[in-house]
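# Observations on the model geometry
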Amino acid sequence: MPELPEVETIRRSLEPLVVGRTVARLELRTPRLRVPLGEELRRGVEGRCITGSGRRGKYLWFVLEDGRGWFFHMGMSGRLRFVEGADAGEGVHDHLIARFAGGDALVFHDPRRFGLSIVDDPATSKLLADMGPEPLDEVAFDSDYLAAFRRRTTRAVKDVLMDQRVVAGLGNIYVNEILFLSGVRPRRSMVRMTLRDCAAVVVATREVIAEAIEHRGSSISDFLDGIGQRGGYQWRHRVYDREGQPCTTCRAPIKVVVVGQRSSFYCPRCQR
DNA sequence: GTAAACCTGGCA
DNA sequence: TGCCAGGTTTAC
């Protein structure tokens, strides 16, 4: 499911609801997601008050009173939802239910179980250690930074942008959209990118990610934020999942190729 | 580098 | 029945 804009949308929707709340009890209803869930997680969270929240790439965390972070990654199908009252979390794929003191709950729901939940120190966590710059960080993520990868790899530009070590938080949907706006085909080798192409990609990345956050992410099948609302950016997708449909710029039919095992949609006329 | 693995659900 | 899906890791 979620790429950076969806994760940020979840974080923003939940923060005002959970900050100041204390987790009275954490119910673990499955032995593992992408990592095992166990007593360590329960001990890290139970009895602690949430004092803030953070996000880096596709990871989000709630800051606990001891300074550590309660981390989540949504994988492909994860949902995090605040539920009012006491009768929350009876669904089939509700794997994690945090009951707050005084009622209400936070429920992690994930049919495919590719998600993750652990407690770790945000400042030193291995999860974040090798991650590239945030795409909206204008200082760290600029055209020179991206252009430098031309000397390091011959991989397709789409692969490079999907690599979390290069830039954080981009996934299949947004890289497709970014490359369309940049006029660059997903299979183009990084080596064949001009400095001008790199600049176009960086500008398009900022535009697409900022706009997607404004629209509260893309709900292509079932994405919901922390309070059950759909996003609106799916209506603005120009190429993603539009095979055969006319390009919004030139009317040529959108094509699809596979790059790095993922479907990549592009306009054969606008993207070279 | 590329493929397969981890899982379930939805759709042709 | 088979293929595809917003992700990441691990194995040839």
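The rules behind these values
Residues numbered from 1 in each chain as written. Chains lettered and ligands numbered in written order. Predicted model: local features only at pLDDT ≥ 70, side-chain atom pairs only at ≥ 80, totals over all residues. Heavy atoms only, no water. Helix = DSSP H or I, 4+ residues; strand = E, 2+ residues; numbered from the N terminus. Rg over C-alpha atoms; globule rule 2.2 N^0.38 Å. Buried < 20%, exposed > 50% of the residue type's maximum accessible area, 1.4 Å probe, protein only. Contact = heavy atoms within 4.5 Å. Areas by Shrake-Rupley, 256 points an atom, 1.4 Å probe, with all protein chains shown as cover. Domains from an automatic or database assignment. Buried area = accessible area lost by both parts, 1.4 Å probe. Salt bridge = Lys/Arg side-chain N within 4 Å of Asp/Glu carboxyl O. Nonpolar A, V, L, I, M, F, W, Y, C, P; charged D, E, K, R; others polar. Polar contact = N/O pair within 3.5 Å; in protein donor to acceptor, adjacent residues only side chain to side chain. Pairing = 2+ DSSP bridges. Axes fitted to C-alpha atoms, helices over the stretch in contact; angles between N-to-C directions. Core = buried A, V, L, I, M, F, W, Y, C linked by side-chain atoms within 4.5 Å. Near = heavy atom within 4 Å.

## What about the overall build of chain A?
Helices and strands together make up the secondary structure of chain A, namely seven helices and ten strands. The C-alpha radius of gyration computed for chain A amounts to 20 Å, which stays within 12% of the reference 19 Å derived for 272 residues, consistent with globular compactness. With respect to the principal axes defined by its C-alpha atoms, chain A has extents near 60 × 35 × 30 Å. Split into buried and exposed, the 272 residues of chain A put 54% on the buried side. Looking at chain A alone, contacts between residues at least 24 apart form 65% of all its contacts between residues at least 6 apart. For chain A, the exposed area adds up to about 12300 Å²; of that, 47% sits on carbon and sulfur atoms.

## Observations concerning the domain arrangement of chain A
Segmenting chain A into domains produces domain 1 (4-129) and domain 2 (143-266). Computed from C-alpha atoms alone, the centre-to-centre distance between domain 1 and domain 2 is 28 Å. Counting each side, the surface lost to burial between domain 1 and domain 2 is near 1500 Å², with a carbon and sulfur contribution of 65%. Area buried by domain 1 at its contact with domain 2 is led by Pro5, Glu6 and Arg79, which between them contribute 33% of it. Our count for the domain 1 to domain 2 interface comes out at zero salt bridges. Mapped by element, the contributors of at least two residues to the side of domain 1 that touches domain 2 are helix 1 (4-18) and strand 5 (79-83). Looking at the side of domain 1 that touches domain 2 element by element, the count peaks at ten residues for helix 1. Split into classes, the residues belonging to the side of domain 1 that touches domain 2 amount to eight nonpolar, three polar and seven charged.

## Regarding the side chain of Ser77
In this fold, Ser77 is placed in the loop between strand 4 (69-73) and strand 5. Taking relative accessible area as the criterion, Ser77 reaches 11% and is therefore assigned buried. At 3.0 Å, the side chain of Ser77 and the backbone nitrogen of Arg112 are in polar contact.

## Notes on the sheet that holds strand 5
Across a sheet, strands are paired by hydrogen bonds formed along the backbone, either parallel or antiparallel in direction. The strand order across the open sheet built from four strands is 1-6-7-5, with neighbouring strands paired in antiparallel fashion. Of all the strands in the sheet, just strand 1 (23-28) and strand 5 have a single pairing partner and so form its edges. Mean inter-strand twist for the sheet, computed between neighbouring axes without regard to direction, equals 15°. As paired elements, strand 1 and strand 6 (residues 94-100) share five bridges and run antiparallel to each other. Bridge assignment links Leu26 to a residue of strand 6, and that residue is Ala98.

## Remarks on the nonpolar core
For soluble globular proteins, nonpolar side chains are generally found buried alongside one another. Grouped together as the largest cluster of nonpolar side chains are 38 residues, with contacts concentrated most on Leu161 and Met190. Element by element, the count of residues in this core is highest for helix 7 (residues 195-214), at eight residues. When sequence neighbours within four positions are dropped, the list of residues in contact with Leu161 reads Leu146, Val167, Leu170, Val175, Leu179 and Val201. Core analysis: the second largest hydrophobic core is formed by 26 residues, Phe62, Ala98, Phe108 and Phe223 among them.

## Focus on the protein's contact with DNA strand B
Contacts to DNA strand B come from His93, Pro111, Arg112, Arg113, Phe114, Thr154 and Gln261. Counting only the atoms of DNA strand B that lie within 4 Å of the protein, the sugar and phosphate share comes to 46%. Interatomic distance of 2.6 Å between a side-chain N/O atom of Arg113 and a phosphate oxygen of DNA strand B. Between DNA strand B and the protein, one listed contact pairs a base nitrogen with a side-chain N or O atom of Gln261 at 3.1 Å. Residues belonging to the surface near DNA strand B are distributed by class as follows: two nonpolar, three polar and two charged.

## Some points on helix 6 (residues 172-182)
Counting buried positions along helix 6 gives ten out of eleven residues, so the element sits mostly inside the fold. When helix 6 is considered as a whole, its buried residues turn out to be Asn172, Ile173, Tyr174, Val175, Asn176, Glu177, Ile178, Leu179, Phe180 and Ser182. Where helix 6 terminates, the next one or two residues include Gly183, which has phi positive at roughly 75°.

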